[in-house]
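Fold and contact review
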Amino acid sequence: MSASSTLNTPNTLNTADLIERLSTVIAIPVVPYGADGEIDHDRARALSARLVAGGITALTPNGNTGEFYALTPAERRTVLTSVASVCPAATTLVAGVGFDVQTASADARFARDAGAHAIMIHQPVLPYMSPEGWIEYNAAIAGSVPELGVLPYLSNPAVTGAHIAALTKRAPNVIGLKYSVPDPVVFAANREQAGNDGLLWIAGLAESYASAYWQAGARAFTSGLANVAPAVPLQLLASLRAGRYDEAADLWRRIRPFEEMRARDHSADNVSVVKEAMHQLGLCGREVRPPSHVLSRARAAEVTEAVRPWRELVPALDEELVA
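All figures in this text were calculated on a predicted structure; none of them were measured in a lab.

1. Description of the state of the cysteines
Taken as a whole, this structure holds 0 disulfides when the rule is applied. Unpaired in this structure, Cys-87 has its nearest cysteine sulfur neighbour in Cys-284, at a distance of 18 Å. A relative accessible area of 1% places Cys-87 in the buried class.

Right under this line is the structure:
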């Protein structure tokens, strides 16, 4: 395994270096399936290697675009090891964990031993979540891996900046958040209320909110679109870093139909749209697991048209991927 853990030594977390490395595009790899419905690990490794070759330096296996909730516990671990096996030392590996505290903590320890630098804790799925319970949940999981950076995935507007501040006091290895509440005003207010200038705020709704959240203090964003064309989010990042907001807006207009397809109907086809585009490019199959569903022919044709404005940014296909 080539995943690097050079940022971490036993019981030591180099927070500043890890935050710097995570202040970038954080790609969420898809999980390809074979004809038998099982995970195609050879293809998963090749697709992750393609992301790295395309300039992506941070990967989150077992994220939402990776169909986290549709995988078995064993599958989540094998996905992580497959992705980690092709990550060079320059790649920062963030492992998605979640479900109950015990399962998430066990998976976090597995991720640590597999060479991950950080974990991303999925939003709790229990329907009866209180903000105070959110603090307890994330603090308990973070406490199981003090050697790793921790990034809670936050999509519930009931959790405020004050709750985030309380969590970071309880768990100092919480170095940032994947913030996915679709409201830039609430984001800005919560960031100020949290009162932690060292915390890394990640725009968790990807390219759609990257520009708005950047101007309010986010310094990273997640991307599922990177699976299709790594150059697209990297160009957006470069524009934002340079303050070329008109350029960022121009790029957004080109990818907007694609991202709006992913967000349609409460994100019902989020992963399906990405996989359909990849299928049309010869990268992997279009299959997804329930409760997601393969796109209809009409929607597949929409994907073709949505990709067309930025098709030239898709790299040439490696022979290994189309074999």
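Read on, since the account is not over.
2. Considerations on the nonpolar core
Counting 83 residues, the largest nonpolar core has Ile-119, Ile-164, Trp-201, Val-228, Phe-258 and Trp-310 as the members making the most contacts within it. Counting residues per element, this core draws most heavily on helix α5 (residues 131-143), at 6 residues. Ignoring anything within four residues of it in the chain, the contact list for Trp-310 reads Leu-225, Val-228, Ala-229, Val-232, Arg-254, Ile-255 and Phe-258. Formed by 15 residues, the second largest nonpolar core is a distinct cluster that contains Leu-13, Leu-22, Met-120 and Tyr-153.

3. Section: the pattern of salt bridges
As enumerated under the stated definition, the model contains 18 salt bridges in all. For Arg-112, the salt bridge is made with Asp-113, and the minimal N-O distance between the two is 3.0 Å. Assessed through its relative accessible area of 26%, Arg-112 is described here as partly exposed. Of the charged contacts, one joins Arg-244 and Glu-247 as a salt bridge, the two residues approaching to 3.1 Å between their closest N and O atoms. Residues joined by salt bridges that share partners form a network here, namely Arg-76, Arg-77 and Asp-107.

4. Considering helix α9 (residues 231-241)
For α9, the complete set of buried residues consists of Val-232, Pro-233, Leu-236, Leu-237, Ser-239 and Leu-240. Projection of α9 onto a plane perpendicular to its axis shows the buried side chains occupying an angular sector of 165 degrees, all on one side. One or two positions beyond α9, positive phi appears at Gly-243, with a value near 70 degrees.

Conventions used here
Residues numbered from 1 in each chain as written. Predicted model: local features only at pLDDT ≥ 70, side-chain atom pairs only at ≥ 80, totals over all residues. Heavy atoms only, no water. Disulfide = S-S within 2.5 Å. Buried < 20%, exposed > 50% of the residue type's maximum accessible area, 1.4 Å probe, protein only. Core = buried A, V, L, I, M, F, W, Y, C linked by side-chain atoms within 4.5 Å. Helix = DSSP H or I, 4+ residues; strand = E, 2+ residues; numbered from the N terminus. Contact = heavy atoms within 4.5 Å. Salt bridge = Lys/Arg side-chain N within 4 Å of Asp/Glu carboxyl O. Arc of directions from axis to C-beta.

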